[in-house]
Amino acid sequence: RHLGPTLEERLQMGALTESETATVLLGALRAARALADSGLELSALNTEEIFIDAVDGQACVRLRFRQVDGVIAQGRDAKWLAPEEAAGKPSGWPSIAFRLGLLMYCIGARAADPYPLKRGDLVRLDLKREAFGAAAVRPDMSLYYGGDRCRELMERCLATRGTDRPSASKLETALEEML
């Protein structure tokens with residue numbers, strides 16, 4: 001691989017096309033699914049952990065992982081949690097789907113951070129409250145400029161209930177259709 005910029009750096013250069021977005025998300029999805037299938041949990045999945053191949057535009061994901069042990073992410077990583085993870089109850093694939101939804105948001109909003117005006121510990125606290133029935137906490141959708149198909153898929157991934165989020169195979173199929 002010929003590593004180019006991180007996704008965070010690439011977003012600063014301008015918008016990604018729908019096809020480029022799908023390519024990046026497919027790389028992240030496949031890497032995250034491989035970890036989940038191995039019994040490991042993502043420690044972080046964010047715009048500074050994903051590199052874009054300088055030759056073919058494929059996503060190269062530098063995933064930090066840990067054994068599933070109930071430790072809750074801190075700092076900036078806390079902004080990339082699903083509500084159930086913030087409450088200390090990760091749910092495997094549905095939690096990963098939520099994180100991919102946040103990644104879709106960042107690509108469509110051309111932002112490195114889904115909650116730029118909030119500290120990570122405050123986002124985690126709000127997400128934990130959501131897991132116990134409070135109002136949903138989501139990025140500012142008025143800043144999202146991605147395509148309609150990406151928006152629809154992102155919104156499904158960001159569903160409050162994990163059971164309402166797309167399965168890995170459905171998400172992969174939807175992304176492949178955007179290529």
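Quick look at the structure, then.

### A look at helix α5 (residues 120-131)
A rise of 1.5 Å per residue sets the reference length of α5, with its twelve residues, at 16 Å; its end C-alpha atoms lie 16 Å apart and thus fit the reference within 8%. Those residues of α5 not exposed but buried are Gly120, Val123, Arg124, Asp126, Leu127 and Glu130. What you see down the axis of α5 is that its buried residues fit within an arc of 165°, all on one side. Each element contacted by the buried residues of α5 is listed here: α3 (83-86). One or two residues past the end of α5 sits glycine 133, with phi positive at roughly 110°.

### Overview of the packing of helix α4 (residues 93-109) against helix α6 (residues 148-157)
It is the contact of α4 with α6, at a shortest axis distance of 8 Å, that shows an interaxial angle of 145°. The element α4 and its partner α6 pack so that their crossing is left-handed. For the pair formed by α4 and α6, the contact residues are Ala97, Phe98, Gly101, Met104 and Tyr105 on the first element and Cys150, Leu153, Met154 and Cys157 on the second. Class assignment for the residues of the contact of α4 with α6 results in eight nonpolar, one polar and no charged.

### Quick notes on the side chain of threonine 21
The topology assignment puts threonine 21 in helix α2 (residues 18-37). Excluding its chain neighbours within four sequence positions, the residues that come into contact with threonine 21 are Leu16, Ile107 and Cys150.

### A word on the pairing of strand β3 (residues 50-53)
Regular strands place side chains that alternate from one sheet face to the opposite one. Alternating positions in β3 separate into two faces, Ile50 and Ile52 on one and Phe51 and Asp53 on the other, with burial throughout. Where strand β1 (residues 3-6) and β3 come together, two bridges link them in antiparallel fashion. In the sheet register, threonine 6 faces β3, and the bridge partner there is phenylalanine 51.

### Points about α2
Taking 1.5 Å per residue, 20 residues should reach 28 Å; α2 reaches 28 Å between its end C-alpha atoms and fits that length. Along α2, the residues classified as buried are Thr21, Ala22, Thr23, Val24, Leu25, Leu26, Gly27, Ala28, Leu29, Ala32 and Leu35. Positioned one or two residues after α2, glycine 39 has a phi angle of 85°, which is positive.

### With respect to the nonpolar core
Core analysis: the biggest nonpolar cluster contains 46 residues, and Leu7, Trp93, Leu100, Leu103, Leu171 and Leu175 have the highest contact counts within it. Mapped by element, the contributors of at least two residues to this core are α1 (7-13), α2, β3, α4, α5, α6 and α7 (168-178). A per-element tally of this core places α4 first, with twelve residues. If near-sequence neighbours (up to four positions away) are discounted, leucine 7 is found in contact with Leu16, Val24, Thr47, Ile50, Ile52, Leu103 and Ile107.

### A look at unusual backbone geometry
Residue arginine 110 is not a glycine yet carries a positive backbone phi of 55°. Among the secondary structure elements, arginine 110 is positioned in the loop between α4 and α5. Accessibility expressed as a relative area gives 39% for arginine 110, which makes it partly exposed.

The rules behind the values
Residues numbered from 1 in each chain as written. Predicted model: local features only at pLDDT ≥ 70, side-chain atom pairs only at ≥ 80, totals over all residues. Heavy atoms only, no water. Helix = DSSP H or I, 4+ residues; strand = E, 2+ residues; numbered from the N terminus. Expected span 1.5 Å × (residues − 1). Buried < 20%, exposed > 50% of the residue type's maximum accessible area, 1.4 Å probe, protein only. Arc of directions from axis to C-beta. Contact = heavy atoms within 4.5 Å. Axes fitted to C-alpha atoms, helices over the stretch in contact; angles between N-to-C directions. Left-handed = near helix turned anticlockwise from the far one by under 90°. Nonpolar A, V, L, I, M, F, W, Y, C, P; charged D, E, K, R; others polar. Pairing = 2+ DSSP bridges. Core = buried A, V, L, I, M, F, W, Y, C linked by side-chain atoms within 4.5 Å.

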